[in-house]
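Results of the structural survey
Here are the chains, one letter per residue:
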Amino acid sequence: MSARARAWLVLLLAGVFEVGYALSVGGSEGFTVLSWSLVAVVFFLLTLYALSVALRTVDVGIGYAVWAGIGAVGAALLSPVFFDESLTPAKALWLTVIIAGVVWLKLADGPGKTERPGESRQPATNQRPETTALPERPAPA
């Protein structure tokens, strides 16, 4: 399995952890229920760690959008199971749009996206480019 495929699997796992986090935050009732609150903290740490690992390979914009989409759709689909919430046809339609967007983002990050030898995924440094001095203005007469 390629590094890119592994990164996408880790990104999917991060999305599943995000669903767990969203649901457990709902169950914590504003972090007033200790058991749900502790579960929320665990899922929070797991989702951030898995997301950070996936973003070593997957572009940040695409990875974050996919992660958030999985979390939103998963929480919306499972909230009626765990809480007194409903899934209306209108909500289902818009969740389908989100799912389609996530699929298209994955396709946009397809096999044509490879790093060239010697290229690094490290962020750019904040070094200032060297500037040339402006010519001095003559003093007023």
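Provided above is the structure to which this section pertains.
Numbers given for residues are sequential positions, taken from 1 along each chain in its written order. Residue-level local features of this predicted model are given only where pLDDT is at least 70; pairs of side-chain atoms are given and counted only at 80 or more, and the full residue set underlies all totals for whole chains, interfaces and linings. Values reported for side chains reflect all heavy atoms of the structure, with hydrogen atoms and water molecules removed beforehand.

Remarks on the overall build of the protein chain
What counts is decided by this rule: Comment: elements are numbered from the N terminus, with helices defined as DSSP H or I runs of at least four residues and strands as E runs of at least two. Whether two residues are in contact is decided by their heavy atoms, any of which lying within 4.5 Å being enough. Using the Shrake-Rupley algorithm and a 1.4 Å probe, accessible areas are obtained, with residue cover drawn only from the displayed protein chains.
In terms of regular secondary structure, the protein chain is built from four helices and zero strands. Mapped in sequence order, the helices and strands of the protein chain form the string α-α-α-α. The long-range fraction of contacts in the protein chain, counting pairs at least 24 apart against all pairs at least 6 apart in sequence, stands at 66%. Accessible surface for the protein chain amounts to roughly 10,100 Å². Of this, 67% is attributable to carbon and sulfur atoms.

What to know about helix α3 (residues 60-82)
Under the convention used in this document: By definition here, a helix of n residues has an expected span of 1.5 Å times n minus one. Fitting axes to the seven residues ending at a residue and to the seven starting there, one defines the bend at that residue as the angle between these axes.
Helix length check: α3, at 23 residues, gives a terminal C-alpha distance of 31 Å against a target of 33 Å (1.5 Å per residue), a fit within 8%. Residue Ala 76 marks the point of greatest curvature in α3, where the axis turns by about 30°; the proline Pro 80 follows within four residues. Where α3 is buried, its residues contact α1 (3-27), α2 (34-54) and α4 (89-108).

Topic: a nonpolar patch on the surface
Note the threshold: Like charges are joined within 9 Å and nonpolar side chains (Val, Leu, Ile, Met, Phe, Trp, Tyr) within 5 Å, but only among residues with over 30% relative accessible area and no salt bridge; these make up the patches. Within this document, salt bridges are pairs made up of a side-chain nitrogen of Lys or Arg and a carboxyl oxygen of Asp or Glu, the two lying within 4 Å of each other. Accessible area is worked out with a 1.4 Å probe on protein chains only. A residue is then buried under 20% of its type maximum, exposed over 50%, and partly exposed in between.
Together, Trp 36, Leu 77, Leu 78, Val 81, Phe 82 and Leu 87 line one region of the surface with nonpolar side chains, adding up to about 540 Å² of accessible area. Broken down by element, the nonpolar patch gets its largest block of residues, four residues, from α3. Mapping Trp 36 onto the fold places it in helix α2. When its relative accessible area of 33% is taken as the criterion, Trp 36 is described as partly exposed.

Quick look at the nonpolar core
Across soluble globular proteins, nonpolar side chains have a tendency to be buried as a group. Stated precisely, the cut-off is as follows: Remark: nonpolar core denotes a set of buried residues (Ala, Val, Leu, Ile, Met, Phe, Trp, Tyr, Cys) joined through side-chain atoms within 4.5 Å.
One finds Trp 8, Leu 11, Leu 51, Val 58 and Val 66 to be the most contacted residues of the largest nonpolar core, which totals 15 residues. Of all the secondary-structure elements, those providing two or more residues to this core are α1, α2 and α3. Broken down by element, this core gets its largest block of residues, five residues, from α1.

A look at the packing of α1 against α3
Helix-helix packing is characterised by the crossing angle of the two axes and by the distance between the axes. Just so we agree on the cut-off: Lines fitted to C-alpha atoms define the axes here, with helix axes fitted over just the stretch in contact, and angles between the N-to-C directions of these axes take values from 0 to 180 degrees. Any angle between 65 and 115 degrees counts as roughly perpendicular, while under 35 counts as roughly parallel, over 145 as roughly antiparallel, and the rest as oblique. Left-handed describes a crossing whose near helix is turned anticlockwise from the far helix through less than a right angle; right-handed describes the clockwise counterpart.
Interaxial distance between α1 and α3 falls to 8 Å at its minimum, and their mutual angle equals 40°. Relative to α3, the element α1 lies oblique. For the crossing formed where α1 meets α3, the hand is right-handed. Here Trp 8, Leu 11, Leu 12, Ala 14, Gly 15, Val 16, Glu 18, Val 19, Ala 22 and Leu 23 of α1 come into contact with α3, specifically with Ile 62, Gly 63, Val 66, Trp 67, Ile 70, Gly 71, Gly 74, Ala 75, Leu 78, Ser 79 and Phe 82.

Quick notes on the environment of Leu 12
By secondary structure assignment, the location of Leu 12 is in helix α1. For Leu 12, a relative accessible area of 41% puts it in the partly exposed group. Measuring from C-alpha to C-alpha, the distance between Leu 12 and Ile 70 comes to 7.7 Å, with 58 residues separating the pair along the chain.

Observations regarding the environment of Ala 76
Tracing the backbone through its elements, the reader meets Ala 76 in helix α3. Separated by 53 residues in the primary sequence, Ala 76 and Leu 23 have C-alpha atoms spaced 9.3 Å apart. In contact with Ala 76, not counting residues within four places along its chain, are Leu 87 and Leu 95.

Regarding the packing of α1 against α2
What counts, and what does not: The nonpolar class holds Ala, Val, Leu, Ile, Met, Phe, Trp, Tyr, Cys and Pro. Asp, Glu, Lys and Arg form the charged class, and all remaining residues, Gly among them, are polar.
At a minimum axis separation of 8 Å, α1 and α2 run at an interaxial angle of 160°. In terms of orientation, α1 and α2 fall into the roughly antiparallel class. Where α1 crosses over α2, the two elements pack in a sense that is left-handed. Between α1 and α2, the residues in contact are Ala 7, Val 10, Leu 11, Ala 14, Phe 17, Glu 18, Gly 20, Tyr 21, Leu 23, Ser 24, Val 25 and Gly 27 and Trp 36, Val 39, Ala 40, Phe 43, Phe 44, Leu 46, Thr 47, Ala 50, Leu 51, Val 53 and Ala 54, respectively. Split into classes, the residues belonging to the contact of α1 with α2 amount to 18 nonpolar, four polar and one charged.

That's the geometry; what it means functionally is another story.
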